[in-house]
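# An overview of the molecular structure
The residues making up each chain are set out below.
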Amino acid sequence: MQRFYQRFKRMVNAAVEAIDVIADQTSTITKDSLTAHPHQNHDARDTVIVQDVSGSMADDDYFPSRLDGGLQATLEYYAARKKQYADDRIALVTFNHEARIIIPLLSLDREQEFRTALRKLTADGGTDIAKGLHTVAKLFDKSSESQRVRHVILLSDGHGGDPLKISEKLKSRYHAQIDVIGIGGEPLAVHESLLCQIATTDPDGYNHYRFIKDTESLREHYQQLATGLMWHGGKS
């Protein structure tokens, strides 16, 4: 009888230990799934849209063109942020073989000014991603509101320049999150390994680069970026 009791006690103890392990694992999973990304909060956000306007952006595999597809997605992002986070600011930088600040950091109540600037964009020239990102750094240098969350959305259909050093500066000095979108006929059309390195990689290994094949998916992705669904391991 004593031997049976001891065996039963060992079985009970083992079962309790197993339950504790499962509980710990469940607790960890729940905590991880609910832990917000450092940028997933309600703080005011400064977003810089970095738009490729090189000659190939006139291609019509994104109807009516790659450039128009990117601009439509940008307006989706703008509308979603304005609806939920009226204190945000947004800027527009374009690049081909050169880079320009089309719209400096403006409050979201200046939508007509933003839309007018988008309508004037045309596709021409080569591609130098680094020049676009250097121009973003200049914008952040001029901003006195360093407490704002900084978000960079870069869209390109190609590759060019040497953007890794400046992308690291944006992430380390300005604590900017960089989301990168490659578009075009096929992923082989863009330098995906380079774009992945430009993009932010979260501590959990989630990388903020996506190749997107069509206009509708692109618009959806920008909406997700605006609403925060992509900040911590979401799927497009």
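Model, not experiment: these values are computed from the prediction.

### Description of the nonpolar core
Formed by 29 residues in total, the largest nonpolar core has its most connected members in Tyr-77, Leu-92, Ile-181, Leu-218 and Tyr-222. Counting residues per element, this core draws most heavily on helix α2 (residues 66-84), at six residues. The contacts of Leu-218, once residues within four sequence positions are left out, are Tyr-62, Gly-69, Gly-70, Ala-73, Leu-155, Ile-181, Ile-183 and Ile-212. If you look at the next biggest cluster of nonpolar residues, it comprises 27 residues, including Ala-91, Leu-105, Val-152 and Leu-154.

### Here's the deal with the sheet that holds strand β3 (residues 99-107)
Strand order in this open sheet of six strands is β3-β2-β1-β4-β5-β6, and the pairing throughout is mixed. Among the strands making up the open sheet, the edge pair consists of β3 and β6 (209-211). Here the average twist between neighbouring strands, direction ignored, is 15°. As paired elements, strand β4 (residues 149-156) and strand β5 (residues 177-182) share six bridges and run parallel to each other. Pairing of Ile-153 across the sheet is with Asp-179, part of β5. Against the sheet, helix α4 (residues 129-142) touches β1 (45-52), β2 (89-95), β3 and β4, its axis set at about 35° to β3.

### A few points about helix α3 (residues 111-119)
Of the residues making up α3, those classed as buried are Phe-114, Ala-117 and Leu-118. Seen from one end, α3 has its buried residues packed into an arc of 100°, which puts them on one side. Tucked inside the fold, the buried residues of α3 contact α2, β2 and β3.

### Remarks on the packing of α2 against α3
Geometrically, a packed helix pair is captured by the angle between its two axes and the distance between the axes. One way to put it is that α2 packs onto α3 with a least axis distance of 11 Å and a crossing angle of 170°. By the criterion of interaxial angle, the relationship of α2 to α3 is roughly antiparallel. Residue-level contacts link Leu-71, Thr-74, Leu-75, Tyr-78 and Lys-82 of α2 to Glu-111, Phe-114, Arg-115 and Leu-118 of α3.

### Describing the packing of α2 against helix α7 (residues 215-227)
At a closest axis distance of 8 Å, the pairing of α2 and α7 adopts a crossing angle of 30°. With respect to α7, the axis of α2 lies roughly parallel. The interaxial crossing formed by α2 with α7 has right-handed handedness. Here α2 contributes Gly-69, Gly-70, Gln-72, Ala-73, Thr-74, Glu-76, Tyr-77, Ala-80, Arg-81 and Gln-84 to the contact with α7, which in turn contributes Thr-215, Leu-218, Arg-219, Tyr-222, Gln-223, Leu-225, Ala-226 and Thr-227. For the contact of α2 with α7, a count of residues per class yields seven nonpolar, eight polar and three charged.

About the criteria used
The residue numbers shown here count from 1 along each chain, following its written sequence. Reporting of local features is limited, given that this is a predicted model, to residues whose pLDDT is at least 70; pairs of side-chain atoms are given and counted only at 80 or more, and all residues count toward the totals for whole chains, interfaces and linings. Only hydrogens and water are set aside; all other atoms, that is, all heavy atoms of the structure, feed into the side-chain values. What is meant by a nonpolar core is a set of buried Ala, Val, Leu, Ile, Met, Phe, Trp, Tyr and Cys residues, joined one to another through side-chain atoms within 4.5 Å. For the exposure calls, accessible area comes from a 1.4 Å probe over protein chains only, and a residue counts as buried if that area is under 20% of its type's maximum, exposed if over 50%, partly exposed in between. Here a strand is any run of E in DSSP of at least two residues, a helix any run of H or I of at least four, and the numbering for each starts at the N terminus. Contact definition: two residues touch when any of their heavy atoms are within 4.5 Å. For two strands to pair, DSSP has to find at least two bridges joining them. Lines fitted to the C-alpha atoms define the axes, with helices restricted to the stretch that makes contact. Angles between their N-to-C directions range from 0 to 180 degrees. The directions considered for the arc are those from the helix axis to the C-beta atoms. In this scheme, roughly parallel covers angles under 35 degrees and roughly antiparallel covers those over 145, while 65 to 115 is roughly perpendicular and the rest are oblique. Put simply, a crossing is left-handed when the front helix is turned counterclockwise from the back one by less than a right angle, and right-handed when it is turned clockwise. Here the nonpolar group is Ala, Val, Leu, Ile, Met, Phe, Trp, Tyr, Cys and Pro; Asp, Glu, Lys and Arg are the charged ones; every other residue, Gly included, is treated as polar.

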